Amino acid sequence: MSTIPVKMPNQRYDVVIEDGLLKTLGDRVRQVWSPRKVAIITDDNVGPLYLDQVANELTESGFTVVTVVVPHGEHSKSLAQLEELAQQLAAASFNRTDSLLALGGGVVGDLTGLLASVYMRGIDFIQVPTSLLAQVDSSVGGKTAVDVAQVKNLLGTFYQPDLVLIDPQTLKTLPQRDLVEGYGEVVKAGALVGGDFWSLILQINSPATILQEAAKLIHFALDFKVEVTSQDEREGGQRQLLNFGHTIGHGVESLANGDLRHGEAVSLGLIAISTIFADQDETHEVLEKLRDRLEVVGLPVTSPLLADDGLMDKIKNDKKNRHGYLNVVYLNAIGQPQIEKISLADLADKINRAAI
Ligand SMILES: NC(=O)c1ccc[n+]([C@@H]2O[C@H](COP(=O)([O-])OP(=O)(O)OC[C@H]3O[C@@H](n4cnc5c(N)ncnc54)[C@H](O)[C@@H]3O)[C@@H](O)[C@H]2O)c1
Ligand SMILES: O=C(O)C(=O)C[C@@H](O)[C@H](O)[C@H](O)COP(=O)(O)O
Ligand SMILES: [Zn+2]
């Protein structure tokens, strides 16, 4: 068992990582919350696997449990779904003393976090991430969101959970495609950090090894994410590094309209941005190292969507767009990231010329 304390400017919370943690979830939650009504929000894949266990744990610890199951997949990160959930909470008479628990992947986490931040102007919530992506990235740091107008995360808030409970054992039921896509965010983080984290990534040669090394990967990724987000919650500076691969990645993810998982889109985005900046021996080496690590587990490194006429239209909606200029992240070497300001016109030109 290990606990990573997260100290935000106005709040602190713990990230607890432990095999089999779901079995003691009630006690853990009781350490941060008094008895109250709790809505567990999950999806229709995760629900049948873990909802009864989590609901029983909470009930036995004195909580009154309401359960809500949304359809799995990115399409549930929508305003319509958010409104439906708010109506369900209102129908169950939830008020400011009641709380939410997100049980699932990044979709459930982002949606539940946003709901918690706006329901009655803010109620408490806990993250119980069950996908690799959510365990290494989305459950920590407080970004919440839904997609609107086919723009990723267009509406969202910064809103921190009271607790993050990670049971790596849940990854055993994760389908292989979802395990591997989550690993796209791990490669992103490992390439930013370098050192021992990257050395571990060099040992991962198959989906099976991702699973074997999951606990270590979660620790490395979250140590980094906690450090960055606790110093720059609102993404004014270093937090922008976590968007490595996302400028073009989010563009292709939106174009794919649900056919690409987020981590797959990030994989494409990491290669695309690294190709654009591969103008010296060192940056060429970075590109080849990333390609090797992504390809070896079956992540996509090229897609016709990168040549789609609509790509720049999606990219211009990026939150990092300031008056036609974007801050993009690339690596001078593994572990040596750089944030670079570039005009949209220049980026469009580079994407066309790179022929990724
Ligand atoms: N807030 C953040 O900082 C942040 C960071 C990265 C990604 N995200 C967002 O996260 C989302 C992607 O998250 P994701 O990849 O977890 O997708 P997801 O939530 O759709 O989960 C992937 C699939 O795995 C299933 N699943 C999850 N856990 C399971 C388990 N233990 N056993 C069996 N099936 C399981 C889900 O039902 C789903 O079908 C995207 O919307 C992305 O934008 C947010
Ligand atoms: O936590 C962050 O900051 C990140 O950028 C992590 C990303 O992996 C994640 O996909 C995030 O949701 C992207 O946020 P956005 O602000 O680009 O929508
Ligand atoms: Zn991401």
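For the structure itself, look to the data block above.
From a predicted model like this one, the values you see are computed outputs, not experimental measurements.

(A) A look at the overall build of the chain. Across its full length, the chain holds 14 helices and 11 strands. When its C-alpha atoms are laid out on the principal axes, the chain stretches across 60 × 40 × 35 Å. The 356 residues of the chain split such that 48% are buried. Across the chain, contacts joining residues at least 24 apart in sequence account for 74% of those joining residues at least 6 apart.

(B) Summary view of the site of ligand 2. In the vicinity of ligand 2, the contacting residues are Asp137, Gly141, Lys143, Lys152, Asn153, Glu185, Glu235, Arg239, Leu242, Asn243, His246 and Lys319. Tallied by class, the residues present in the shell around ligand 2 amount to 1 nonpolar, 4 polar and 7 charged. Taken domain by domain, the makeup of the shell around ligand 2 includes at least three residues from each of domain 1 (2-173) and domain 2 (176-354).

(C) Quick look at the environment of leucine 287. Mapping leucine 287 onto the fold places it in helix α12 (residues 281-295). With residues up to four places along the chain from it excluded, the contact list for leucine 287 reads Ser274, Thr275 and Ala278.

(D) Region of interest: the site of ligand 1. If you check the shell around ligand 1, you find 32 residues, and the closest are Asn45, Gly105, Gly106, Ser131 and Ser138. Those elements that provide at least two residues to the shell around ligand 1 are α4 (106-118), α5 (132-138), α6 (176-193) and α11 (262-276). Residues that form the shell around ligand 1 fall into these classes: 7 nonpolar, 15 polar and 10 charged. Each of domain 1 (2-173) and domain 2 (176-354) contributes no fewer than three residues to the shell around ligand 1.

(E) Here's a closer look at the sheet that holds strand β3 (residues 37-43). Ordered by their spatial adjacency, 7 strands build an open sheet running β1-β2-β9-β6-β5-β3-β4, and the pairing between neighbours is mixed. If you trace the sheet from one side to the other, it starts and ends with β1 (2-8) and β4 (64-70), each paired once. Across the sheet, the axes of successive neighbouring strands diverge by a mean angle of 15°, strand direction being ignored. The sheet contact formed by β1 and strand β2 (residues 11-17) spans 7 bridges and is antiparallel. Across the sheet, residue proline 5 finds its bridge partner in β2, namely aspartate 14.

(F) Summary view of the pairing of β2. Following β1, the chain reverses through 2 residues before pairing antiparallel with β2. Looking at chain direction, β2 and strand β9 (residues 163-166) are connected through 4 bridges and run parallel. The residue of β9 that forms the bridge with isoleucine 17 is isoleucine 166.

(G) Inspection of the packing of α6 against α12 at higher detail. Closest axis-to-axis distance for the α6/α12 pair is 10 Å, and the angle between their directions is 150°. The angle between the axes of α6 and α12 places the two elements in the roughly antiparallel class. α6 and α12 meet at a crossing whose hand is right-handed. Contact with α6, carried on its side by Gly184, Val187 and Ala191, involves Leu290, Arg293 and Leu294 of α12 and no other residues of that element. Partitioned by chemical class, the residues of the contact of α6 with α12 number 4 nonpolar, 1 polar and 1 charged.

Conventions we followed
Residue numbers restart at each chain and count upward from 1, following the sequence in its written direction. Key to labels: chains lettered from A, ligands numbered from 1, both in the order written. Side-chain atom pairs in this predicted model are given and counted only at pLDDT of 80 or more, local residue features only at pLDDT of at least 70, and totals for whole chains, interfaces and linings cover all residues. Secondary structure elements are taken from DSSP: a helix is a run of H or I of four residues or more, a strand is a run of E of two residues or more, and numbering for both begins at the N terminus. Burial is judged by counting other C-beta atoms within 10 Å of a residue's own C-beta: 20 or more means buried, 12 or fewer means exposed, and anything between counts as partly exposed, with every C-beta placed from the backbone. Our contact criterion uses C-beta atoms placed from the backbone: two residues qualify when those atoms are within 7 Å. Nearness is defined per residue: the C-beta atom, placed using the backbone, must lie within 6 Å of the molecule or strand. Put simply, Ala, Val, Leu, Ile, Met, Phe, Trp, Tyr, Cys and Pro go in the nonpolar bin, Asp, Glu, Lys and Arg in the charged bin, and everything else, Gly too, in the polar bin. Each domain span listed reflects an automatic or database assignment of domains. Any two strands are treated as partners once DSSP identifies two or more bridges connecting them. The axes used here are C-alpha line fits, helices contributing only the stretch in contact, and every angle between their N-to-C directions lies in the interval 0 to 180 degrees. In what follows, roughly perpendicular refers to angles from 65 to 115 degrees, roughly parallel to angles under 35, roughly antiparallel to angles over 145, and oblique to any angle outside these ranges. Crossing handedness is defined as follows: a turn of the near helix away from the far one that is anticlockwise and smaller than a right angle gives a left-handed crossing, while the clockwise case is right-handed.

Spatial relationships are all this shows, so hold off on functional conclusions.
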